[in-house]
Amino acid sequence: MQTTLLGLAIAFIIALVAALIGPYFIDWNQFRPQFEAEASRIVGTPVRVGGDLDARLLPTPALRLRTVAVGADSDPVRIRADKLDVEFSLGSLLRGEWRASELSLSGFALDLGLDRQGRFSGLSSAARVNLGYLTIDRMSVAGRIALHDAASGVTLRADDLVFSGDVRPQAGTMRGEGAFTWHGARTPFRLSSGQSADGKGTRVRFTADPGGRPLSADIEGVLTFDNAVPMLDGILTLARPADAKAAGDGQPWKVSSRVKANPSAATFEQMEAAYGPEDSALRLTGGGDMRFGASPLLHLALSARQFDADRLLGKGAADAEPLRMLPALRTLVASLPALPVPARFELGAEQVVLGGRPLQNIVLEAGVREGVWTLGSFEMRAPGATRVTASGTVTAAQFVGPLGIDSADPDALIAWLQGRGDAAYRSQKPLRLSGRATVAADRIALDDMKAEGAGGALQGRVALVGGADGPSRLDAALKAASLDLDALSAVAGALAGPQSAWPDAAQVSLEADRAVIAGQEVRPVVLGVSYSPATLSLDRLQIGDGRSGVALNGAGSFDRGSNGGKLAVTATAPSLARIGGFVAPFAPALAQRLAAPGGEGMARLQLSADA
């Protein structure tokens, strides 16, 4: 008995010493064929080790491989790793189980290929991977993944990939988190997978959080394969979060939809889109589809029954005037997302409340290609029986395109724009306005403008520069063949509104070949006025040329700080009485004094004032 016990003790000591010092004398590379055969059986495709192979039993069973390749060089699906380190559970090995306490891959590279029919090339062998042999408590991966699409000739790459997680084959699950670089932006993500309820597919959830770009993505669904063609049926959610640090400037938005996708196309059903904060967002519903391949195209058709834009764009009742919402319009243009694929959108709304009044039958068709947004057509019905149309492009956060306004009741339209209930001026003439509109973060302008309404027809340019948190400036240069300045001044006064709503500065010029002033016809009329927080100036005044009537010329300026200034006006006419008749509607007392001397002959009157 003692001899037996002594023999067992000696055998145990010899085994222990061999386990401790054996790895330093054993050339494990001689077992490379056996290892490659067993690894190929587990993975389901050829495995080769091109570098050194090291192993140890104690204190923890471990395996280290260099230059590992899974799959043949000709296989479209290739897996490579510069270094693979595995620490095994000794107890599990003694029970005949493959359980890795820790597995790490460095220099990992996975290449997947889709052929022109959308099938994963070589998937028939790669798909036989049976992770049921191996449990991994802690797994870490560093490398990159690439998908090569033969149909489009495009390669999608996730570079600088890091991932840490675990594998539980008994439950058929893998989960973890990490980050990768996509188109130059760092993107954190979370990934989990498991067997579907019917056992015919894999349930996958992938969530990409805002990192280097203001966009989050979440997709959850079941992945199946039909003749090596991947099919996904699940829910997709894309969002620009409300967190300012993550989203930057602009309104938050969110799009969610049920999606059925394969490598050739995807369909979107039960789609819901929201633009703006949660409690006041514009909400749209609809569907669409997306075509992949050499000519990708995203198409969405969304609509809303009614929407309160005052809550989204305004800051309160005092800010509900549409003209006060111009900064919000500039922000909307500046925050349009740069989509990675060409897209076409069809949007519609039965009614949108803006400025306390409904806008009806809104239809918008837009698209984006190579980062340039195109407004194919826009149409809506506004107060005053007004039809508004527009089209154009958005480049560098700036919209440029033709704008048309046709209003049967321009007074009601003006009253709505200013947030008033009743029109301050009534006109029986309709308004027709057209031009090339520009909407950018720092200005709104209408070039090549043509306007026809009360007062006559005008051409020229109007621009509002600045605003929002900085000073604003109005620039206008207008010309006309014939004008009724009496009617035009009434319209301008109604449109200008209270002085508190005026821009901080302005420069306006008006030229007319013929004009009617206080019922009197004069040729020509040239007027230039400007103001700023410091001054108010009459840059130029010319009424008539003196050949057949009164000629009036003048200029002046007024210092708003010191309440001082100067004004110089010169009038010439065939007689003083003609001058008196011209100024009678404005200064009847002066007209009487000028008519008193009587007589005919050229008369010249000069007025100078300093204060």
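Definitions and limits used
Residues numbered from 1 in each chain as written. Predicted model: local features only at pLDDT ≥ 70, side-chain atom pairs only at ≥ 80, totals over all residues. Heavy atoms only, no water. Buried < 20%, exposed > 50% of the residue type's maximum accessible area, 1.4 Å probe, protein only. Helix = DSSP H or I, 4+ residues; strand = E, 2+ residues; numbered from the N terminus. Arc of directions from axis to C-beta. Salt bridge = Lys/Arg side-chain N within 4 Å of Asp/Glu carboxyl O. Polar contact = N/O pair within 3.5 Å; in protein donor to acceptor, adjacent residues only side chain to side chain. Contact = heavy atoms within 4.5 Å.

Student: Describe in detail helix α8 (residues 410-417), supporting the description with residues and values.
Tutor: With seven of its eight residues buried, α8 lies for the most part within the structure. For α8, every residue scored as buried is listed here: P410, D411, A412, L413, I414, A415 and W416. Where α8 ends, the next residue or the one after it, G419, has phi of about 75°, a positive value.

Student: Describe in detail helix α10 (residues 576-583), supporting the description with residues and values.
Tutor: Given 3.6 residues to a turn, an α-helix orients residues that are three or four positions apart in the same direction. Among all positions in α10, only I579, G580, F582 and V583 are buried. The buried side chains of α10 occupy one side of the element, clustering within an arc of 160° when seen end-on.

Student: Can you lay out the pattern of salt bridges for me, pointing to particular residues and giving the numbers?
Tutor: Inspection of the entire model under this criterion finds 24 salt bridges. In this structure, the salt-bridge partner of R258 is D233, at a minimum N-O distance of 3.0 Å. Of this pair, R258 sits in strand β13 (residues 253-261) while D233 sits in strand β12 (residues 229-240), and the two are 25 residues apart along the sequence. The salt bridge partner of R473 is D475, with a shortest N-O separation of 3.0 Å. Residue classification places R473 among the partly exposed positions, given a relative accessible area of 32%. Three or more residues joined by partner-sharing salt bridges are found here, namely R436, D447, D448 and R461.

Student: Before we move on, could you go through the side chain of S257 and cite the residues and values that matter?
Tutor: Position of S257 among the secondary structure elements: in strand β13. S257 gets classed as buried once you look at its relative accessible area, which sits at 3%. A distance of 3.0 Å separates a polar atom in the side chain of S257 from the backbone oxygen of E269. The contact partners of S257, leaving out residues within four places of it in the chain, are G234, I235, L236, F268, E269, Q270 and M271.

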